[in-house]
Amino acid sequence: MCSYAVLRYWERRGFLRTALPSYDAFKKTFGRYVDLLGFPPNKLNDYLRDICKKDRLKVQHREGSIESLQAHLRNKIPVISLFDYNMYQRGQPARSTHATVLVGYTPENMLANDPFHGKKYPYEKNRFQEAWALRNNRYILITTKVTLNSFPTEP
Amino acid sequence: MPVLVQRVKEKAEEIIYNKLGTNIAPGEPEFVPSKKVWIVPLELDLPRVIDDRRTGNLNYMVFRLGSVGTLKIDDRFLKAVETPKRTDLNDAVEEKLAHIREKVESLLVQTASLQFARLVSLKHMMSPLESLVTTVLKRDTYPLPDKHSTTWRSVLNYVELLVKQELLVREGDTVKPAGLLQQIHQTVNGDINRTLELVLKDVIEKEYETVYHDYKIKILHPYVQISSAYYDYALSAHDLIALSEEDLWDAYTNQYSGFSKKRWFRFDNYLRELSDGRVKLLNEVETGVWEGDREVLEKLQRGYENFGGLAS
């Protein structure tokens, strides 16, 4: 869902040559196990390559800091962050990892288009950092060749 | 944590990230000296989000399903020597979920047997049983029909069931009300309708599987499934949540193998019966918003804890 949201973002800005399928069709390419097992993030490149045949997508898996996330957002590049949602909401670690699309920030919050909460959901920064650290401060960038020429990706 | 164990865990995390899925994490690695491999359990938490229409809150919880497979990592080079397939992991998760679902269903059948006994559709389907009980109570004896006759086979099946339940006793070619049936009848001051409900309650509570599998009476199943889907969510939320009709439908179809037009066609009627004044397993608290019964939930919670409820 997060990767679809990012691709839609690029599509709306004219950076994607492929016409995106419906969300249901998109989800099908991830196979039927995604509902119970989640998806293996490192396979994202393979899945997306199949969907966006006309575009050269670049999927980067990184580890960073809040500052690096904010730098991407200032450059108008949405970021998929991976964190422990149970830790964020209830202060208890869980084995499952939640993905959300960060789209902005304020001094107190990271703003996310979130699969659970919808648009611009504010994740309080301190708690987010704690939950994010449990997943090694990992995040994913999905960009296209055209995007890379338009925006710098390095923070 | 010893450094090597930490490195094994990190390797397992890398494999999970690369090949398996975001709901999985490594458990504690165990070293097998004879094979020089580390066995790492793959533990899975299944996230669930419930939109509670009563409080307006999104309830998030995880089902801790425990180990769903194992990874084997070589001791010398820390390379994976055996990685399970996603299809096998998925099967293991489905099996665990089915086990939980069966437990919740079974608890619900035990807890709410009287409410199920009051369902009009069930009474209709089990009318041979009702006729049998009514007759033996009225005439004190009932001559058994010819066992070779197809027409009477269902009556004979019910005779067998009620004898097993010690509600009837056989005497030669007749059956009579047993002490237990007479006692039930007296407890409700000879009210035949209430006696029949209590007999049905007893049958549902103790012989639900027999009625379903042997007598092929499946009418009760969707009612159990729909209410079970609701109470499964309420149990995981630890609260009497209010679900929208769509969310309840989703819970029902997700837990019980998908959409079917026939089910959808009957869904409104199932809900109507489940919310009937004398059943009240579900209540429509506002248009299209459904809430369960507190007493049923509390009883279920006690039973759920006993079999080791998994949500947190």
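Computed from a prediction, not measured in an experiment: that's the story for all the values here. (Residues numbered from 1 in each chain as written. Chains lettered and ligands numbered in written order. Predicted model: local features only at pLDDT ≥ 70, side-chain atom pairs only at ≥ 80, totals over all residues.)

A look at the nonpolar core
Residues and elements named next belong to chain B.
- Core analysis: the biggest nonpolar cluster contains 58 residues, and V199, Y230, Y231, Y233, L243 and L300 have the highest contact counts within it.
- Residue-level mapping places this core at the junction of two domains, with at least three residues from each of domain 2 (110-114 + 219-306) and domain 3 (120-213).
- Filtering out sequence-adjacent residues up to four positions away, L243 remains in contact with R53, Y230, Y233, L248, A251 and W290. (Core = buried A, V, L, I, M, F, W, Y, C linked by C-beta atoms within 7 Å. Buried ≥ 20, exposed ≤ 12 C-beta atoms within 10 Å, placed from the backbone. Domains from an automatic or database assignment. Contact = placed C-beta atoms within 7 Å.)

Digging into unusual backbone geometry
Residue and element names in this part refer to chain A.
- Here the phi dihedral of K120 falls at roughly 50 degrees; this positive angle occurs in a residue that is not glycine.
- Along the polypeptide, K120 turns up in strand β5 (residues 118-124).
- Look at K120 and you get exposed, because 12 C-beta atoms sit within 10 Å. (Helix = DSSP H or I, 4+ residues; strand = E, 2+ residues; numbered from the N terminus.)

What about the interface of chain A and chain B?
- The interface is formed by 19 residues belonging to chain A together with 23 residues belonging to chain B.
- Counting residues per element, the ones that place at least two in the side of chain A that touches chain B are α3 (34-37) and α6 (85-90) of chain A.
- No other element matches the 3 residues that α6(A) contributes to the side of chain A that touches chain B.
- The residue makeup of the side of chain A that touches chain B, split by class, is 10 nonpolar, 8 polar and 1 charged. (Nonpolar A, V, L, I, M, F, W, Y, C, P; charged D, E, K, R; others polar.)

A few points about helix α5 (residues 127-139) of chain B
All names here are of chain B.
- Compared with an ideal rise of 1.5 Å per residue, which puts 13 residues at 18 Å, α5 spans 18 Å between its outermost C-alpha atoms and is within 8% of the ideal.
- All buried positions along α5 are accounted for by L129, L132, V133 and V136. One side of α5 holds all its buried residues, which, seen down the axis, span an arc of 95 degrees. In α5, those exposed residues whose orientation departs by more than 90 degrees from the buried face are S127, K138 and R139.
- Looking one or two residues past α5, D140 carries a phi angle of roughly 70 degrees, positive in sign. (Expected span 1.5 Å × (residues − 1). Arc of directions from axis to C-beta.)

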